[in-house]
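Residue-level structural notes
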Amino acid sequence: MKNNLKVLRKSKGYTQIAVQMKTGIEQALLSKFENGERVPPTETLIRLADFYNVSIDYILCRTENPNIQK
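The following refers to the structure shown. (Residues numbered from 1 in each chain as written. Predicted model: local features only at pLDDT ≥ 70, side-chain atom pairs only at ≥ 80, totals over all residues. Heavy atoms only, no water.)

**A few points about the overall build of the protein chain**
Scanning the protein chain for helices and strands turns up five helices and zero strands. Listing every helix and strand of the protein chain by position from the N terminus yields α-α-α-α-α. Expected size for 70 residues packed as a compact globule is a radius of gyration near 11 Å; at 11 Å, the protein chain falls within 12% of this value. By its C-alpha atoms, the protein chain is 30 × 20 × 20 Å across when sized along the principal axes. Buried residues in the protein chain amount to 33% of all 70 residues. At a minimum sequence separation of 6, the contacts of the protein chain that also span at least 24 residues come to 45%. Once the 11 positive and 7 negative side-chain charges of the protein chain are each reduced to a mean point, those two points are 4 Å apart. (Helix = DSSP H or I, 4+ residues; strand = E, 2+ residues; numbered from the N terminus. Rg over C-alpha atoms; globule rule 2.2 N^0.38 Å. Buried < 20%, exposed > 50% of the residue type's maximum accessible area, 1.4 Å probe, protein only. Contact = heavy atoms within 4.5 Å. Lys, Arg positive; Asp, Glu negative; His and termini not counted. Charge placed at Lys NZ, Arg CZ, Asp CG, Glu CD.)

Rendered as structure tokens:
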């Protein structure tokens, strides 16, 4: 699964450990999500989208627009 998680993290200057500390998502899982080895469950996608202030569709590469549509 292609996703923008690594791009988002690096653009903010965060390490996986920093994201773990701020979101509570284990570093090993973050690595697997970023590398496409696992698909994040919905709850985790919501947490990451809120953390990065982007839409879930942007994380999942369903849109190139990171802005949340309300």
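**Observations concerning the environment of Asn 3**
The topology assignment puts Asn 3 in the segment before helix 1 (5–11). When the C-alpha atoms of Asn 3 and Ala 49 are compared, they prove to be 12 Å apart, with 46 residues separating the residues in sequence. Among the polar contacts made by the side chain of Asn 3, one reaches the main-chain amide nitrogen of Leu 5 at a distance of 2.9 Å. Side-chain polar atoms of Asn 3 contact the backbone oxygen of Phe 33, separated by 2.6 Å. (Polar contact = N/O pair within 3.5 Å; in protein donor to acceptor, adjacent residues only side chain to side chain.)

**A closer look at the packing of aromatic side chains**
Applying the stated criterion to the full structure yields two aromatic pairs. Relative to Phe 51, the ring of Tyr 14 has its centre 5.4 Å away and its plane inclined at 35 degrees; by these criteria the two rings are tilted. With Tyr 14 in the loop between helix 1 and helix 2 (16–23) and Phe 51 in helix 4 (residues 42–52), the pair connects residues that are 37 residues apart, well separated along the chain. The exposure class of Tyr 14 is partly exposed, given its relative accessible area of 27%. A relative accessible area of 24% places Phe 51 in the partly exposed class. For the pair Phe 51 and Tyr 52, a centre-to-centre distance of 4.8 Å together with 70 degrees between the ring planes defines the contact as edge-to-face. Each member of the aromatic cluster is reached from another via a ring pair, and the members are Tyr 14, Phe 51 and Tyr 52. (Phe/Tyr/Trp six-rings, centres within 6.5 Å; stacked < 30°, edge-to-face > 60°.)

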